[in-house]
Amino acid sequence: MLQNSYIDESLYEFLPIGALAIFLGAAVMVANGSERAKRAGWIIPATFSLLFLAWSLFTLAKEGLAGVWVEHTRNAWGNQIWFDLLLALGIGWALLLPRGRAVGMRPWPWLALLLATGSVGLLAMLARCLFLEERIAEQTRRQ
């Protein structure tokens, strides 16, 4: 496991606020139909997936794999966060699956990735789906 010196512990109070700010900025861009967001397409979820994967790997190296389950079974809040994660993943899966199938994505490998990595896998699936939709749209325009 990594030593605590790799990250200043006070950042743990700031990081959720920073993440909320990034989420709100991206959500507003998408809600407003921003041209910038449309042009970025699959790159935004791919970037978020990679950044969150890096954070997850850092956390696993620092805290160990056992912490994942410990945090979700520690108390009522841990259970609530686990339930919230499962519900959010279920909603994302249900909404994204038809689009993925429409562009030829096989669901089972993506479901396995989603179950193993949570939002990292869901963001990767979204990025792949948007990439394939963009590629199909480009091929259609060329014909």
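Everything below is about the structure shown above.
Enquirer: Outline the overall build of the protein chain, supporting the account with residue identities and numerical values.
Expert: When helices and strands are tallied, the protein chain shows 7 helices and 0 strands. Each helix and strand of the protein chain, placed in order from N terminus to C terminus, yields the pattern α-α-α-α-α-α-α. Expressed as lengths along the three principal axes of its C-alpha atoms, the size of the protein chain is roughly 55 × 30 × 25 Å. Within the protein chain, buried positions represent 23% of all 143 residues. In the structure as shown, the protein chain presents an accessible area of about 10300 Å², 68% of it carried by carbon and sulfur atoms. Positive and negative side-chain charges in the protein chain, numbering 12 and 10 respectively, have mean positions lying 14 Å apart.

Enquirer: Describe a nonpolar patch on the surface, and please don't skip the residues or the numbers.
Expert: On the surface, Leu11, Phe14, Leu15, Ile17, Phe52 and Trp55 cluster together into a nonpolar patch covering about 540 Å² of accessible area. Listing elements by their share of the nonpolar patch, those giving two or more residues are helix H1 (11-31) and helix H3 (43-63). Relative accessible area serves as the criterion here: at 56%, Ile17 is assigned to the exposed category.

Enquirer: Can you lay out the side chain of His72 for me, pointing to particular residues and giving the numbers?
Expert: Relative to the assigned elements, His72 resides in helix H4 (residues 66-73). Note on His72: relative accessible area 13%, which makes it buried. Other than its neighbours up to four places away in sequence, His72 contacts Gly78, Asn79, Ile81 and Trp82.

Enquirer: Talk me through the environment of Val103; I want residue IDs and the actual numbers.
Expert: Mapped onto the elements of the fold, Val103 is located in the loop between helix H5 (76-102) and helix H6 (107-117). Of the residues examined, Val103 reaches a relative accessible area of 16% and is grouped as buried. With 30 residues separating them in the primary sequence, Val103 and Glu133 have C-alpha atoms 6.5 Å apart. Excluding its chain neighbours within four sequence positions, the residues that come into contact with Val103 are Cys129, Leu132, Glu133 and Ile136.

Enquirer: Provide a residue-level description of the packing of aromatic side chains, including the pertinent values.
Expert: One pass over the structure, following the stated rule, counts 3 aromatic pairs. Seen from their ring centres, Trp42 and Phe131 are 5.3 Å apart, and the 85° between their planes marks the pair as edge-to-face. With Trp42 in the loop between helix H2 (35-40) and H3 and Phe131 in helix H7 (residues 119-142), the pair connects residues that are 89 residues apart, well separated along the chain. Relative accessible area serves as the criterion here: at 26%, Phe131 is assigned to the partly exposed category. Relative to Trp82, the ring of Trp69 has its centre 5.5 Å away and its plane inclined at 80°; by these criteria the two rings are edge-to-face. Residue Trp69 is located in helix H4, and its partner Trp82 is located in helix H5; the two are separated by 13 residues in the primary sequence.

Enquirer: Give me the environment of Val70: which residues, what numbers.
Expert: For Val70, the position within the fold is in helix H4. Judged by relative accessible area, which is 40%, Val70 ranks as partly exposed. Once the C-alpha coordinates of Val70 and Ala31 are considered, the two residues, 39 residues apart in sequence, prove to be 36 Å apart.

Criteria and cut-off values
Residues numbered from 1 in each chain as written. Predicted model: local features only at pLDDT ≥ 70, side-chain atom pairs only at ≥ 80, totals over all residues. Heavy atoms only, no water. Helix = DSSP H or I, 4+ residues; strand = E, 2+ residues; numbered from the N terminus. Buried < 20%, exposed > 50% of the residue type's maximum accessible area, 1.4 Å probe, protein only. Areas by Shrake-Rupley, 256 points an atom, 1.4 Å probe, with all protein chains shown as cover. Lys, Arg positive; Asp, Glu negative; His and termini not counted. Charge placed at Lys NZ, Arg CZ, Asp CG, Glu CD. Patch = residues over 30% accessible without salt bridge, like charges linked within 9 Å, V, L, I, M, F, W, Y side chains within 5 Å. Salt bridge = Lys/Arg side-chain N within 4 Å of Asp/Glu carboxyl O. Contact = heavy atoms within 4.5 Å. Phe/Tyr/Trp six-rings, centres within 6.5 Å; stacked < 30°, edge-to-face > 60°.

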